[in-house]
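One-letter residues, chain by chain:
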Amino acid sequence: MNERNDERHSDDQHKPAARWASLWLITVSPTIWAVHFLLCYVTAAIWCARVVGRNGMLGDARLLIAAYTVVALVGIVLTAWRGYRQHSYGEGSAPHNEDSSEDRYRFLGYATLLLSGLSAVATIFVALSAVFIRSCA
Amino acid sequence: MTDSAAHPHDPADLERQKAQEARLAIPWQAPKGWRYWSAVNNTEVGQWYTTVAFVFFLFAGVLALLIRTQLAVPENDFLSAGTYNQIFTLHGSVMMFLFGVPIFEAFSILILPQLLGARDLPFPRLSAYGFWCFVIGGVFVCGSIFFGVAPEGGWFMYPPLTTAYQEGIGADIWLLGLSFIEIASIAAAVELIVGVLKTRPPGMRINLIPLYAWYILVVAGMILFAFPPLIAGDLLFELERAFDWPFFDHTRGGDPLLWQHLFWIFGHPEVYIIFLPAVALVAMIVPTAAQRPIVGYGWIVLAAVGTGFISFGLWVHHMFTTGMPGISLAFFSAASEAVAIPTGVQIFCFLATALAGRFTKSTPMLFVSGALAIFVLGGLTGVMVAVAPFDFQAHDTYFIVAHLHYVLIGGMLFPVTAGIYYFFPLRNGKQLSDKLGKIGFWLMFIGFNVAFLPMHFTGLLGMPRRVYTYPADMGFDVLNMVSTVGAFVFAAGVLVVLFDVVRPKGKQADSPRNPWRAGTLEWLAQMPPRNWGVRSIPIIKSRYPLWDQPNLMADVDAGRYYLADAEEGKRETLITSTIDSRPIQCLRVPGPTWITLWAAVFTGGAFILPTYKLYTAALVSAAIAGVVILAWLWTGTAQIPEKPEKDVGLGLKLPLYASGPKSVGWWAMFITMIGDMSAFASLVFGYFFFWTVHEDFPPDPLPGPGLTWPLLAAGLAIGSWALTLLARHLNRRDAAVGFYLSLGLAPVLTVGAAAALFAGPHLSGLDPTTHVYPATVWVLVLWTLIHFGIALIMQLYCIARRAAGRMTAVHDIDMQNVGLFWHFMLITVLVTVAVIAGFPRVA
Amino acid sequence: MKPTVLAPRSGLLLATAILLAGCDGPQSALAPAGDGAERIANLFWWMLGGSAVIWTLVLGLAAYVTRFSRGKHSLVASRWLILGGGVVFPTVVLSALLIYGLMLIPALRTPEDVGMRVEVSGEQWWWRVHYPSPDGGGPIELANEVRLPLGERVAFDLLSPDVIHSFWVPSLAGKVDMIPGRTTELIVQPTQLGTFRGACAEYCGTAHALMNFQVVVMEPAAFERWLAHQAEPAQPPRSEIAQRGLESFLANGCGACHAIRGTEADGRLGPDLTHVGSRLGLGADVLPNTTEAFVRWIGHTDRIKPDVRMPAYGMLPDDELAALATYLSELE
């Protein structure tokens, strides 16, 4: 779902807004959440099934989860920053409903920013599990 | 609009418009008489689809009333245990598979082109095929109850109850009948994604599309990741039932929990697949009622996309009581809490829109308000059951029955009814009755709450779900009686609405155009609407063009925009770019045909006949279906137009043919293969699932499939893939000899790769019925072999197309799509080989 | 309670009392008698209160915006509504709830301080129960009834040889599934004396509704006596009619499926009947434990419990059925 604006149309070709257009950006943060979630789940499942057993302690698995979380949050914050930059590009504030590639660019940035916020909260929620739960039981 | 706008009443101009209208009407008219059923246009197919989905809804509703009658008093003998179990199984299955999901697809097929100012969806025949599959599969599944052989394993079909402890063909009917329908659902999802991305009107950039389209995009995307795991699960399940491959049999290393994972990876997103489109309807109705644009468009997009993602992290909350490690429960509990946030955001966007606007009451809004009251309660109980400890009590009780009905009826049925009242004029130009609507609403609203509010309490008092009877002294009696009374009141309300919909409206005056003074494109429709959809395809500059673009309706009607004419007498619609919606192609869409019906009939045979163990007949049916589908592709797709481009109006010339990423077919292939990959990933998940739960998986010493044969298969597949890409390249350069050479050699390698892959487990003597390890290896091999079969046919098809002159250097859609398929084919082979041959050496 | 004084405060108390009385029931999660059930019921009342407030607020807001606010509010106010009501408020509330729930999970499942382990196997459609022998011998097999000492943490090892069942005693704790090929665990700590009812919560086939059991929480000393008694073999028939019952039991092959310790009957397919007369119900708590109920059960098993594996012995003469019933009901 990328689009190269290389064909005839009226927008100024030199503005980044007109040159760069992709829907994928808005999915980056939720994807980071999903990968983080899966990694946490798989790590814990393998840890409890194959490493320490049913009533074992999570121990180092919690450190791993903490590490995943830090990496995921950094990714989400970077994506959010990118989204914010796009959102505040040039003049114009939400709701970004103008018929121009600038506003479309700002809108996609805005949606990216919002989704990053949600993804961050959801990631922290998942990570909280490892704060309060110490054993496999 | 342009120069002609200067003379709106110029007689010559009027004459020209009339002639255009007459020409436009010809290709778009529906076939007459019995041929009517060969129609493929979205207006016809969408209407049939919607109607049939509602018929299934009414059927499942009657089943619900039977359930409530049985439970009205303790120790009732109105239904036998066996019949009751069939009825509740079918009630759940029909509501979810034959109403909940299809109704949104049906409704979207009907309405999406209107919303986007398109003439039709890009693949009308695919919609028709999906519809016929849906009808055949649905009738097959529902009909089973009349012969007393309906499935009785619950809509979740947990093995080993359903694999080894229930006789009869009920489970097969469920598995095969519904798998068949799932394929139709995926077909519709492909159609709708491409529809949203590629058939928007010029100027409707991604920040301007109607919210409904955003939701459809998200939901159709979710289908691609949610339904394939179930199809994979169904495959394992049917292999166990029919051929005794022990995936879920613990005595041979299987595990019943694998099914639960696969089922709920599908099952939980499915709830959102049902719920989000209903919110989408609300997102269309509320701004109209408030007479202002939605407040928080970006927030709603956030909510739709966010829900779509997070809904895939909830599945284990249906498995909280299976004794998984506490930490696993915690992760899923956390995600289940998090998903409430985007849901809340949507509700507050609607409230904020009402707050900022000048709100007017209407029957659709009445249903929306009812939906809000019910859904918020269902959402709150949802948050409760997301807290794992509370779920330990609530799970599998009437509390959950209450919760899910609050969510689904409040979150789906009420909004859908609102949608019926709101959009009904688009069907035949008549409005529904406000009076009947109000009566229906209050009966439904009161009946619903009387029926389901007490169930929360019944559940916490200890009544489990799926019990056909209960003893008298448990405190359940009064509550159940109240619920039954409520259910019948609710049913009366549904009947009132139904009557309003079906009552003859011949004498009733046509609705005015745009009766609700809405701002979105679907209300450009004339009353009664015409088959062509919009008179001409407008240029869009706003989220609410009817409010913000002065004179839009008159200009559209006067044919002052694109494709106002059909000079060649062909069905045409505009294809635009995905983000900024710049016109890139004039797409010829196909007209009426019977071939889709035949394809559906024989596909149905391939799924239905195995139920009765008629495997040969099923294979024959599948082969005929394959031939019919090939004939359909051969005659109806990638046709070379008579000229390279045409004038679509306003001085714009667009190509009539596009291939590669610019063509809708390429997108459809890409999206379909994403779904295919997620089914494959589910099978691979199965392999690693067994690895985590069993010490002896893969077994030591390893019985097979060895390293040599799988590696040979991988090597040959890489060769075939490379030759296919080379052929694509040579075709582009019009190097015919090279093309035929490379694409002639490629099928040989394909066959060789398939044979080598088969040889691995076969020669090492892996018997899939002995243990889950050989069964899991074989299922991955089987999956890949089926794909090799399809890949082979594709390679031969491209040779034939070029030989027949239907594919040229420029007109190479087929070759482009086959090349794309082969990328995914290669991933499938390499992953299969890595897993079955490589992983045991690492583990 | 003084019924004459109905000040608002006592009115509230009365309402609460009625509500709580309505929560009573032998199978109620809202009348907790165990540590787990108490914690979960507390959680529920908190969530119920919170939900009631939130529902009222949202619906009140909806009523306000659709009826009274006509154009009074700016776009800015609406945006703040989304941010405050749709984002900040739910995030805060959900975080708090999530942490509450997360802290509860270890509390409910920690295996520490477990005094006794009882093994329960769910089978279509009854419960096989194994207690550890009080004298350190092999486990004692019982069926369809569980007794627990007050205050002791007891771990249930849950199994199934056939399909998935779920072991649930709402008054004591949440449920845990019994999955073929796995052993799951449920920890229970009764806090009140009494008799409670358990049920299979996972749909397990035709007679899923008829798979229940009684749980009796006893003083520890009484429990010890009960367990010691259950460990003993069956008492010999005390009357002539009971003696005929035993003979009929053996002659009709009942012993192929049922065991009565101390007799030749040593079947393992069906429930152990050594002390069946001491139980509170019959047929997995489908019938009361009376001689008449035994007659009905043995004569018409299939009508009482559809698809049950035990064949109906309705063809036996009435007096033989009566003798069988007398013998079994005397097996206390």
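Worth saying up front: this structure is predicted, and the values here are computed from it rather than measured.

Turning our attention to the overall build of chain B. Along the backbone of chain B there are 26 helices and 4 strands. Computed over the C-alpha atoms, the radius of gyration of chain B is 28 Å, within 12% of the 28 Å expected from 2.2 N^0.38 for a compact globule of 843 residues. Judged by the C-alpha coordinates and their principal axes, chain B covers about 85 × 80 × 45 Å. Excluding contacts between residues fewer than 6 apart, the proportion of contacts in chain B whose partners are at least 24 apart in sequence is 81%.

Bringing the nonpolar core into the picture now. Residues and elements named next belong to chain B. Within the largest apolar cluster, 446 residues are counted, with the highest numbers of intra-cluster contacts made by Tyr-215, Ile-216, Ala-280 and Ala-335. Element by element, the count of residues in this core is highest for helix H8 (residues 256-290), at 25 residues. Not counting residues within four places of it along the chain, the set of residues in contact with Ile-216 comprises Ser-108, Leu-112, Leu-192, Val-196, Pro-277 and Ala-280.

All right, on to the interface of chain A and chain C then. Counting residues at the interface gives 9 residues for chain A, matched by 10 residues for chain C. For the side of chain A that touches chain C, the class distribution of residues is 6 nonpolar, 3 polar and no charged.

Further remarks concern the interface of chain B and chain C. Facing the 67 residues of chain B at the interface are 71 residues of chain C. Elements supplying a minimum of two residues to the side of chain B that touches chain C: helix H3 (81-115), H8, helix H10 (326-338), helix H11 (340-356), helix H12 (363-386) and helix H13 (388-394) of chain B. With 12 residues, the top contributor of residues to the side of chain B that touches chain C is H11 of chain B. Residues of the side of chain B that touches chain C, tallied by class, amount to 43 nonpolar, 19 polar and 5 charged.

As a further point, take helix H24 (residues 736-763) of chain B. Helical periodicity: at 3.6 residues per turn, an α-helix aligns residues three or four positions apart in one direction. Residues and elements named next belong to chain B. Spanning 28 residues, H24 covers 40 Å between terminal C-alpha atoms, matching the ideal 40 Å at 1.5 Å per step. Residues Phe-739, Ser-742, Leu-743, Ala-746, Leu-749, Thr-750, Ala-753, Ala-754, Ala-756, Leu-757, Gly-760 and Pro-761 constitute the buried set of H24. Its buried side turned inward, H24 meets helix H23 (708-732), helix H25 (772-803) and helix H26 (813-842). Trailing H24 by a residue or two, Gly-765 shows a phi angle of about 70°, which is positive.

What counts, and where the lines are drawn
- Think of each chain on its own: its residues are numbered from 1, step by step along the sequence as written.
- Numbering of ligands from 1 and lettering of chains from A proceed in the order in which they are written.
- For this predicted model, a pLDDT threshold of at least 70 governs which residues receive local features, and a threshold of 80 or more governs which side-chain atom pairs are given and counted, while totals over whole chains, interfaces and linings are taken from all residues.
- Strands here are runs of E lasting at least two residues and helices are runs of H or I lasting at least four, both read from the DSSP assignment and numbered beginning at the N terminus.
- Here the radius of gyration uses the C-alpha set of atoms, whereas the globule reference equals 2.2 Å times the residue count to the power 0.38.
- Contacts are defined on C-beta atoms placed from the backbone: any two residues whose C-beta positions lie within 7 Å are in contact.
- As used here, a nonpolar core is made of buried Ala, Val, Leu, Ile, Met, Phe, Trp, Tyr and Cys residues. They are joined through C-beta atoms within 7 Å.
- To assign burial, the other C-beta atoms lying within 10 Å of each residue's own C-beta are counted, with C-beta atoms placed from the backbone; 20 or more indicates buried, 12 or fewer indicates exposed, and intermediate counts indicate partly exposed.
- In this classification, the charged set is Asp, Glu, Lys and Arg, the nonpolar set is Ala, Val, Leu, Ile, Met, Phe, Trp, Tyr, Cys and Pro, and all remaining amino acids, among them Gly, are polar.
- Here, expected helix span is obtained from the residue count minus one, scaled by 1.5 Å.

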